[in-house]
Amino acid sequence: MGTYSLWKRFTHPPETHPFYNHIISENNFQIASRAWLWFPLAIILPLAIFPGIILIDIVYSAVWSVLISQRLNRLKRTTFYDLVCVSPRGKAEIDWIICMGVMYRKGTFIRLNSIGLWLTRAMFMVVFLLSFVLSLPFFTLNADRVGEQIIVLITVAITLILHHRQTIIMSGLIGLLAPIWIKDRLLTPVTAGGVFLTLQLMSYSISGLLIFSVIPDVMNITMVVSFSQFLLWVALSAVTFVIIREIMVVALQNLYVRCYNIDPSNAIQSLDRS
């Protein structure tokens, strides 16, 4: 399970299901006014602690976590929801369909993952990464190591792609779980957005501490490093960042399986049915 299996599920919405089509075609789909109290944080905090290239992931995912939790909270107060959950698909899959409907509404999910947007982000990514990579001590002292620069760029690009997927997955799972934790109509979306942003801040803070403090100390890295030392640091940093976020994804997934009473031994089959 984890990011790989969950991403396959997120990219294959139940397009033929009538309830899914009902969700994506709704017009009265707005965030409750008080839920917007936290929204400036979705822009300010990520911008302050991480490059703007990933800001779009954070903003979209934060909004999704709020909208999913809000929509579920409202539907659970209606008899219509109870009737739909009686269907063979059951409550877990109905809620998942609502989650997919919110994300794919007006083609938002497709646009966020479109080739055109990724190419645009890639151009900004190359400019930013080159300016960052070339400022590192290793390349300051070894400006002619073009091959190593390319390796670093590829490693960081792969890390950002995984970050993109993990961020979206976390937003969906938090949006599903928040209405189970909090029943209040206004507190539910605020909780979803708050939990999502907290996890992002935690992952960046822990990763930063390990990457720039613990790993260099363990490797005994100084200002002058060898080629092998530098690439090892880059690889360990990327793996560390991805693993920390993967732990969060798996933890949320386990909470989802537990809260929806899904048999852990059949979790993969349950996630793949719709």
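Residues numbered from 1 in each chain as written. Predicted model: local features only at pLDDT ≥ 70, side-chain atom pairs only at ≥ 80, totals over all residues. Heavy atoms only, no water.

S.K.: Talk me through the overall build of the protein; I want residue IDs and the actual numbers.
M.R.: Counting its regular elements, the protein contains 13 helices and zero strands. Burial status across the protein gives 48% buried among its 274 residues. When contacts within the protein are restricted to residue pairs at least 6 apart in sequence, long-range pairs at least 24 apart make up 81% of them. Split by element, the accessible area of the protein, about 13,500 Å² in all, is 69% carbon and sulfur. (Helix = DSSP H or I, 4+ residues; strand = E, 2+ residues; numbered from the N terminus. Buried < 20%, exposed > 50% of the residue type's maximum accessible area, 1.4 Å probe, protein only. Contact = heavy atoms within 4.5 Å. Areas by Shrake-Rupley, 256 points an atom, 1.4 Å probe, with all protein chains shown as cover.)

S.K.: Quick rundown of the confidence of the model for the protein? Include the residues and the values.
M.R.: Caution applies to low-pLDDT regions: their predicted coordinates should not be interpreted in detail. For the protein, per-residue confidence averages 79 on the pLDDT scale, and 73% of positions sit at 70 or higher. Across residues 31–39, where pLDDT falls below 50, the model places 22 contacts with residues more than four positions away in sequence or in other chains. Counting contacts from residues 45–50, a segment whose pLDDT is below 50, to residues more than four positions away or on other chains yields nine contacts. (pLDDT = per-residue confidence, 0-100.)

S.K.: Please provide a residue-by-residue account of the packing of aromatic side chains, values included.
M.R.: Across all of its chains, the model carries 10 aromatic pairs by this definition. Look at Tyr104 and Phe109: their rings are 4.6 Å apart centre to centre, the planes differ by 25°, and that puts the pair in the stacked class. The exposure class assigned to Tyr104 is buried, which follows from its relative accessible area of 10%. Look at Tyr256 and Tyr260: their rings are 4.9 Å apart centre to centre, the planes differ by 45°, and that puts the pair in the tilted class. (Phe/Tyr/Trp six-rings, centres within 6.5 Å; stacked < 30°, edge-to-face > 60°.)

S.K.: Outline the environment of Ile158, listing residues and values.
M.R.: By the element assignment, Ile158 lies in helix α10 (residues 146–181). Taking the relative accessible area as the measure of exposure, Ile158 reaches 48% and is therefore partly exposed. On a C-alpha basis, the gap between Ile158 and Val242 in space is 10.0 Å, while along the polypeptide they are 84 residues apart.

S.K.: So what's going on with the packing of helix α1 (residues 3–10) against helix α6 (residues 90–104)? Residues and values would help.
M.R.: At a minimum axis separation of 11 Å, α1 and α6 run at an interaxial angle of 70°. Classed by the angle they form, the pair α1 and α6 counts as roughly perpendicular. In this structure, α1 contributes Leu6, Arg9 and Phe10 to the contact, and α6 contributes Trp96, Cys99, Met100, Met103 and Tyr104. A breakdown of the residues in the contact of α1 with α6 according to their chemical character gives seven nonpolar, no polar and one charged. (Axes fitted to C-alpha atoms, helices over the stretch in contact; angles between N-to-C directions. Parallel < 35°, antiparallel > 145°, perpendicular 65-115°, else oblique. Nonpolar A, V, L, I, M, F, W, Y, C, P; charged D, E, K, R; others polar.)

S.K.: Any chance you could break down a nonpolar patch on the surface for me, citing the residues and the numbers?
M.R.: A cluster of nonpolar side chains, Ile150, Ile154 and Ile158, forms an exposed patch at the surface whose accessible area comes to about 280 Å². If you trace the backbone, Ile150 turns up in helix α10. (Patch = residues over 30% accessible without salt bridge, like charges linked within 9 Å, V, L, I, M, F, W, Y side chains within 5 Å. Salt bridge = Lys/Arg side-chain N within 4 Å of Asp/Glu carboxyl O.)

S.K.: An account of the nonpolar core is requested, with residue identities and associated values reported.
M.R.: Counting residues in hydrophobic clusters, the biggest one holds 59 residues, and the most contacted among them are Phe10, Ile98, Met103 and Tyr256. If one sorts the elements of this core by residue count, helix α12 (residues 227–259) sits on top with 11 residues. Beyond its immediate stretch of four places on either side in the chain, Met103 contacts Phe10, Trp64, Ile68, Thr108, Phe109, Ile168, Ser171 and Gly172. (Core = buried A, V, L, I, M, F, W, Y, C linked by side-chain atoms within 4.5 Å.)

S.K.: Describe the pattern of salt bridges, listing the residues and the values that go with them.
M.R.: Per the counting criterion, the structure on display carries two salt bridges. A salt bridge links Lys76 to Asp95; the nearest nitrogen and oxygen atoms lie 4.0 Å apart. Taken together, the residues Lys76 in the loop between α4 (55–75) and α5 (79–85) and Asp95 in helix α6 connect sequence positions 19 residues apart. A relative accessible area of 24% means that Lys76 is categorised as partly exposed. Residues Lys91 and Asp95 are paired through a salt bridge, measuring 3.3 Å at the closest nitrogen-oxygen approach. Separated by four residues within a single helix, Lys91 and Asp95 lie in helix α6, roughly one turn from each other. Residues joined by salt bridges that share partners form a network here, namely Lys76, Lys91 and Asp95.

S.K.: Any details on the environment of Gln200? Residues and values, ideally.
M.R.: Relative to the elements of secondary structure, Gln200 occurs in helix α11 (residues 187–219). Aside from chain neighbours lying at most four places away, what touches Gln200 is Ile58, Thr167, Met170 and Arg245.

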